[in-house]
Amino acid sequence: MTEDEGGESRPTNRWRGLVGATLVAGALGLVGRRPALLLASAVGVVLLAYARTTAAPPATVAVAHTVSEADPAAGERVAVTVRLTNTGERPLFGLRIADGVPPGWTVVEGAPTHGTALWPGATTTFGYTVEVGAGARGLDPATVLLRDPVGVVEREVTVADDDGFEPTPVTAADDEPALPTAITRLLGRKAVDASGEGVAFRSVREYRRGDPPSRIDWRRRARTGALATVEYRAERRLTVVLVVDARRAAALAPEPTAPTAIQRSCSAVERLYATVTDAGHRVGVATLGPARMWIPPGRGDAHRRRVHEQLPDAVSATPDDGDADDGAWLRQRVPERATVVLCTPACDDAVADLARRLEASGRPTAVVSPDPTAADTAGRRLARLERRQRLQRLRAGGVPVLDWEPGFELPTALARAGWLS
Amino acid sequence: MSRSVGRPGTVTGATALLAALGGLVLAGVDGLSTLAGVGGLALLAVGLVRRTRPAVTLGAGCLGTAVVLGGLAGAERSAVVAATAAAVLAWTTGQTSVELADHGAAARTARFEVTHVAGTGLLLAAVAGVTLLPRVVRVTPSPLGLALVVLGAVCLTGALLADD
C-alpha cells in the first residue's frame, strides 16, 4: 500500500452565489427595516466564514485489494474486493473512491466506486467484478476524494496498491486472437471458425488421406514417426467503415491551443485508412455532422485520393444543424456485417446510441475516443466523469472502446490499450 | 461481493426535498413568497430526478428568493433564519445527490450521504442558533448599533472573499 499525500485542499465552490445572496438579503433588511433579513444575512456570513477557514481532511487512507484470480486470461471474470482503512487520527467524514479499472476492462457486476465515512483506524470494504481485457497488467491507482462533512473543500489523491492485483500479461486461448475482436478484424485478416488454408496457425490434428503434403508436420513425423496435419485459420477480406464525428458537440479540446477531438479523429481515420487498405481490406469513410460525407467502401489509388480530398472539407464544414445528426442515415448505408470504427469524443449520448445500434444491427463496432476533457474546474471534472461513465456503458454493451488520452499518438494509445500485437 | 444499499443520491435527494418543503412552509407567508417557494421546490425536484445541477441551483435560488420575500412580508425572525438554513441544506444536499449519480446505480454511498446530511444539518443548526442567540437573551440593539453590525458583516464578508 502506498499513499500520495500531495493533494492540495481546494474549494468545491458549491456555495458560489452565496456571497451575493447574503449581501442582497442584508441590504434589503437594512433598507426595508427588516431585522429578520439581517439575521438571514448573518447566517450567510457565518457559512462563508466556515467555508473560508475549514480545510479538507488529510489523505490518511490506505487501499488494499484482494482478487479471486491472480493470473486471469483475457475475457475471464475476476471478483475484486477493495479494503479501505483510515490510518490517521482524524475521522474522514466525506470519503469517495473510484478504483482504477484499466481501459478495456469491463465492470460486469457491482461498482468500482464507493462513498463512506471512516473513524480513525476503521476499515470498510466494497467489491465488484471485472471482465479482464487484453493489454493492461493490473489495476490502475485508485482516485480518492476527501471532503469536509459539508463538502465545501476537498482533497484529491491517487492511491496505489503495491501488493494487490498484478496479473501477468494476458494470454489468449489457442483458438482466440489475442486482440479485441473488432481490432483484430480491423488490423489483420479476419479469423473465422472453420480451419483452412490461411496463414495463422490454429492446431495440429491426425493425418487424413488427401491432406496436402505441404501441411504435414514433418518435425513431428521425424520425432515420433506419426503423421499429423497442421491446420490454419481461414481468412477473408473485410469491409471496414471509418466514421469521424464532426458535429459541433465533438469540436472540443482540453485547452484552447490543443487540437480538437474532430482533428484528432481525422488524423486517426487517415492513419487507420492507410493501415487497413494496406492489409487488403475495403474501406469506406463517413462523417457525422453538417456535411454527412459518405465514401463507399473501396480501395486503390483513386479511392485513396478521394478520401484525402473530401475528408478535410467535410470535417471543416460549418456546423449549422450538425448536432441533430443521429447517424440514422449512416446505419442505412453501412453494408451488412461491415466492421465500423467510430472516432468520437463521446461527449453526448446520441453518438453512444449510434455505436450501440450499429453493434446491435450485426455490424461489429469499435469506438476510438479522443479525450477532450479537462479537470481544472468542477464543471469540467463532472463532464469528464460523465464521459467515462458513457464509455463504461459502451464497454458493458460489448463495444470495444479506446479511450485516447491527449498527448499520445494513436499507435501508442492502441499499444497501451493492448489493441496492437 | 458487497450488498448494494439504495441508489446513490437517494438519502441526500430526499433530505433536499424535505428541507425545501420546510423552507417553503416557513418562508411562504404571502402569495409571492409562496409562489417563489413552490417554484423552487419544483425546480429542485426536477433537478434531482433528472440529475441536473443547474436545476438544483436554480431551485435553491428560488427558495432563497422566497425567504427574502417572506422576510420583506413580515415573517417571524426565527422562521426566516430557519428557512434560510433549510434553503442552504436543500442546495447543498441537492448538489451532492446529483454528484453521486456519477457513481453508477450499483455503488454504495449511504454512509457517505448520512454523514454529509448530519454534518451539514449540525452546522446549519449551530449557525442558526448563534444567529438567533441575541433574540433569546432579549438584547434590543439601537439603530446605530444595528448599522454597525451590518457594516461589520459586510467587512467580514469582504475579508473572506479577499485572496490571501
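In case you missed it, the structure is sitting above this.
Residues numbered from 1 in each chain as written. Chains lettered and ligands numbered in written order. Predicted model: local features only at pLDDT ≥ 70, side-chain atom pairs only at ≥ 80, totals over all residues. Heavy atoms only, no water.

Caption draft 1: Layout of the side chain of Glu-113 of chain B. Residues and elements named next belong to chain B. Looking at the secondary structure, you find Glu-113 in helix H5 (residues 110-136). Buried and unpaired, Glu-113 has Arg-51 as its nearest opposite-charge partner, separated by 7.2 Å. When residues no more than four places from it in sequence are discounted, the contact partners of Glu-113 are Arg-7, Pro-8, Gly-9, Thr-10, Val-11, Thr-12 and Leu-100. (Helix = DSSP H or I, 4+ residues; strand = E, 2+ residues; numbered from the N terminus. Buried < 20%, exposed > 50% of the residue type's maximum accessible area, 1.4 Å probe, protein only. Lys, Arg positive; Asp, Glu negative; His and termini not counted. Salt bridge = Lys/Arg side-chain N within 4 Å of Asp/Glu carboxyl O. Contact = heavy atoms within 4.5 Å.)

Caption draft 2: Fine view of helix H4 (residues 77-100) of chain B. Across its 24 residues, H4 of chain B extends 35 Å between first and last C-alpha, which sits within 8% of the 34 Å expected from 1.5 Å per residue. With 21 of 24 residues buried, H4 of chain B lies mostly within the body of the structure. (Expected span 1.5 Å × (residues − 1).)

Caption draft 3: How the structure looks around the interface of chain B and chain A. Across the contact, 50 residues belong to chain B and 52 residues belong to chain A. Overall, the association of chain B and chain A removes approximately 4,500 Å² of surface from exposure, summing both partners, and the carbon and sulfur fraction of that is 69%. Taken together, the links from chain B to chain A amount to three salt bridges. A salt bridge links Arg-14 of chain A to Glu-99 of chain B, with the shortest nitrogen-to-oxygen separation between them at 3.3 Å. Across the chain B-chain A interface, the total number found is 15 residue pairs in polar contact (both at pLDDT 80 or more). Breaking the side of chain B that touches chain A down by element, the ones donating at least two residues are helix H3 (53-72), H4, H5 and helix H6 (143-161) of chain B. For the side of chain B that touches chain A, the residue count by class is 25 nonpolar, 16 polar and nine charged. (Buried area = accessible area lost by both parts, 1.4 Å probe. Polar contact = N/O pair within 3.5 Å; in protein donor to acceptor, adjacent residues only side chain to side chain. Nonpolar A, V, L, I, M, F, W, Y, C, P; charged D, E, K, R; others polar.)

Caption draft 4: Layout of the pairing of strand S15 (residues 339-343) of chain A. Residue and element names in this part refer to chain A. Counting buried positions along S15 yields five of five residues, so the element is predominantly enclosed. Neither face of S15 is open: one carries Thr-339, Val-341 and Cys-343, the other Val-340 and Leu-342, and all of them are buried. Note that strand S12 (residues 239-245) and S15 share five bridges and pair parallel. Residue Val-240 lies in a different strand from S15, and its bridge partner there is Thr-339. The parallel pair S15 and strand S16 (residues 365-370), bridged by helix H8 (residues 349-360), forms a crossover whose chirality is right-handed. (Pairing = 2+ DSSP bridges. Right-handed = clockwise from strand over helix to strand, strands pointing away.)

Caption draft 5: Highlighting the pairing of S16 of chain A. All names here are of chain A. Of all six residues in S16, six are buried, a share of seventy percent or more. With burial as the criterion, each face of S16 is covered, one bearing Thr-365, Val-367 and Ser-369 and the other bearing Ala-366, Val-368 and Pro-370. In terms of strand pairing, S16 meets strand S17 (residues 401-404) through four bridges, oriented parallel. Of the residues in S17, the one forming a bridge with Ser-369 is Asp-403. Handedness of the β-α-β unit built from S16, helix H9 (residues 378-396) and S17 comes out right-handed.

Caption draft 6: Up close: helix H1 (residues 10-27) of chain B. Across its 18 residues, H1 of chain B extends 26 Å between first and last C-alpha, which sits within 8% of the 26 Å expected from 1.5 Å per residue. Where H1 of chain B is concerned, the buried positions are Thr-12, Gly-13, Thr-15, Ala-16, Ala-19, Ala-20, Gly-23, Leu-24 and Ala-27 of chain B.

Caption draft 7: Focus on the packing of helix H2 (residues 31-50) of chain B against H3 of chain B. Residues and elements named next belong to chain B. Interhelical geometry of H2 versus H3 gives an angle of 165° and a closest axis separation of 7 Å. Here H2 lies roughly antiparallel to H3, going by the angle between them. The two elements H2 and H3 cross, and the hand of that crossing is left-handed. Packed against H2, whose contacting residues are Leu-32, Ser-33, Ala-36, Gly-37, Gly-39, Gly-40, Leu-41, Leu-43, Leu-44, Gly-47 and Leu-48, the element H3 presents Ala-55, Val-56, Leu-58, Gly-59, Cys-62, Leu-63, Ala-66, Leu-69 and Gly-70 at the interface. The residue makeup of the contact of H2 with H3, split by class, is 13 nonpolar, seven polar and no charged. (Axes fitted to C-alpha atoms, helices over the stretch in contact; angles between N-to-C directions. Parallel < 35°, antiparallel > 145°, perpendicular 65-115°, else oblique. Left-handed = near helix turned anticlockwise from the far one by under 90°.)

Caption draft 8: Focus on the packing of H8 of chain A against H9 of chain A. Residues and elements named next belong to chain A. Where H8 contacts H9, the axes come no closer than 10 Å and their chain directions differ by 10°. One element, H8, and the other, H9, form an angle in the roughly parallel class. Across the interface between the two elements, Asp-349, Ala-352, Ala-355 and Arg-356 from H8 touch Arg-390, Arg-393 and Leu-394 from H9. Counted by class, the contact of H8 with H9 contains three nonpolar, no polar and four charged residues.

The analysis is restricted to geometry; functional conclusions fall outside its scope.
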